[in-house]
Amino acid sequence: MPEEVLFKTERSHSREEIATYLRSVADKLDGGGDLALSAGDESVELAVPDRPTFEVKAERETNGSTELSVEFELEWKEGEDAEGGDGDLSIE
């Protein structure tokens with residue numbers, strides 16, 4: 001089935017601003033509330049289940065210049081909680 005992008009935003013932010021965004025997501029997850037995303041005229045509200053899959057990926061892309069990235073992704077099937085995984089994650 002093709003992917004449907006429900007929301008997307010991408011722009012440069014300071015490390016402090018990014019930390020604030022991540023804290024807001026963490027607070028919503030801790031509180032059990034829906035996750036509402038908005039930027040400009042785009043918005044989406046997502047009901048995150050109790051046990052989504054959490055993926056962390058670090059990449060190096062070389063295309064003339066080298067770009068490094070770290071991606072944090074929550075993933076779930078609508079109406080289901082996810083289980084399983086590759087082991088305990090540690091972020092230091």
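That block above? That's the structure.
Residues numbered from 1 in each chain as written. Predicted model: local features only at pLDDT ≥ 70, side-chain atom pairs only at ≥ 80, totals over all residues. Heavy atoms only, no water.

*Asks:* Pulling in residues and values, what's your account of the overall build of the protein?
*Replies:* Each helix and strand in the protein was counted, giving 1 helix and 4 strands. Reading the protein from its N end, one meets helices and strands in the order α-β-β-β-β. As displayed, the protein offers around 8,600 Å² of accessible surface, 45% of which is attributable to carbon and sulfur atoms. (Helix = DSSP H or I, 4+ residues; strand = E, 2+ residues; numbered from the N terminus. Areas by Shrake-Rupley, 256 points an atom, 1.4 Å probe, with all protein chains shown as cover.)

*Asks:* Residue-level account of the environment of G40, with values.
*Replies:* Within the secondary structure, G40 is located in the loop between β1 (35-39) and β2 (42-46). Each C-alpha atom, one on G40 and one on T9, is 9.4 Å from the other, the two residues being 31 residues apart in sequence.

*Asks:* So, the packing of aromatic side chains: which residues are in play, and what are the values?
*Replies:* Two numbers describe a pair of aromatic rings. These are the distance of the centres and the angle of the planes. Counted by the stated rule, this structure contains 1 aromatic pair. Judged by centre distance (6.5 Å) and plane angle (10 degrees), the rings of F54 and F72 are stacked. Highlighted residues: F54 in strand β3 (residues 53-63) and F72 in strand β4 (residues 65-75), separated in sequence by 18 residues. A residue is classified by how much of its surface remains accessible, and F54, at 43% relative accessible area, is partly exposed. (Phe/Tyr/Trp six-rings, centres within 6.5 Å; stacked < 30°, edge-to-face > 60°. Buried < 20%, exposed > 50% of the residue type's maximum accessible area, 1.4 Å probe, protein only.)

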